[in-house]
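Here is what each chain is made of, one letter per residue.
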Amino acid sequence: KISFRECMRGEIKRANGECYPCGSDIPENNSDSKKVRNYSLSLKDQECRKCPSEAFCWGGDRIAPRPNYWRINADTVTFIKCPNSSACLGARPG
């Protein structure tokens, strides 16, 4: 019998039970290309989610606001337009 570990945040369980990391086809240089980026923040997700236009997504559970947006915490994908653009500089990959 083959058994797989439980999936972690940023991964989706395939039909065969294997965990698949969201965004695994993203280039190493984190460039902001035209590729559709995706992510997963919930262990209950059954498929990777498309990156919101207000965010940067670097695969897995790595999602952060673009310049002029903010969010309440790292567990939400609700991004809010910043009333003071100089206070919301956006995220950098890290």
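Refer to the preceding data block for the structure.
Let us look at the structure shown here. (Residues numbered from 1 in each chain as written. Predicted model: local features only at pLDDT ≥ 70, side-chain atom pairs only at ≥ 80, totals over all residues. Heavy atoms only, no water.)

## Focus: the packing of aromatic side chains
Aromatic rings considered in pairs are described by the distance between their centres and by the relative angle of their planes. Under the definition given, this model contains 1 aromatic pair. A ring pair is formed by phenylalanine 56 and tryptophan 58, whose centres lie 5.6 Å apart and whose planes are at 20 degrees; its orientation type is stacked. Across this residue pair, the class does not change: phenylalanine 56 and tryptophan 58 are buried. (Phe/Tyr/Trp six-rings, centres within 6.5 Å; stacked < 30°, edge-to-face > 60°. Buried < 20%, exposed > 50% of the residue type's maximum accessible area, 1.4 Å probe, protein only.)

## As for the environment of serine 53
Relative to the assigned elements, serine 53 resides in the loop between strand E4 (49–50) and strand E5 (55–57). With 13 residues separating them in the primary sequence, serine 53 and arginine 66 have C-alpha atoms 8.4 Å apart. (Helix = DSSP H or I, 4+ residues; strand = E, 2+ residues; numbered from the N terminus.)

## Brief notes about the pattern of salt bridges
Tallied over the entire structure, the rule returns 5 salt bridges. A salt bridge links arginine 5 to glutamate 11, with the shortest nitrogen-to-oxygen separation between them at 2.8 Å. On the accessibility criterion, glutamate 11 (10% relative accessible area) is buried. Across the pair arginine 49 and aspartate 45 runs a salt bridge whose closest N-O atoms are separated by 2.9 Å. Taking relative accessible area as the criterion, aspartate 45 reaches 11% and is therefore assigned buried. It is possible to trace a salt-bridge network through shared partners that takes in Arg9, Asp61 and Asp75. (Salt bridge = Lys/Arg side-chain N within 4 Å of Asp/Glu carboxyl O.)

## A look at the state of the cysteines
Counted according to the given criterion, the structure contains 4 disulfides. Here cysteine 7 pairs with cysteine 19 through a disulfide, and the sulfurs are 2.1 Å apart. Judged by the torsion about the S-S bond (-105 degrees), the cysteine 7/cysteine 19 disulfide is left-handed. In this pair, cysteine 7 sits in the segment before strand E1 (11–13) while cysteine 19 sits in strand E2 (residues 19–21), placing the two residues 12 residues apart along the sequence. Each bonded cysteine of the chain gets a number by its place in the sequence, and the pairs then read 1-2, 3-4, 5-6, 7-8. (Disulfide = S-S within 2.5 Å.)

Functional significance is not addressed by these values, which are geometric in nature.
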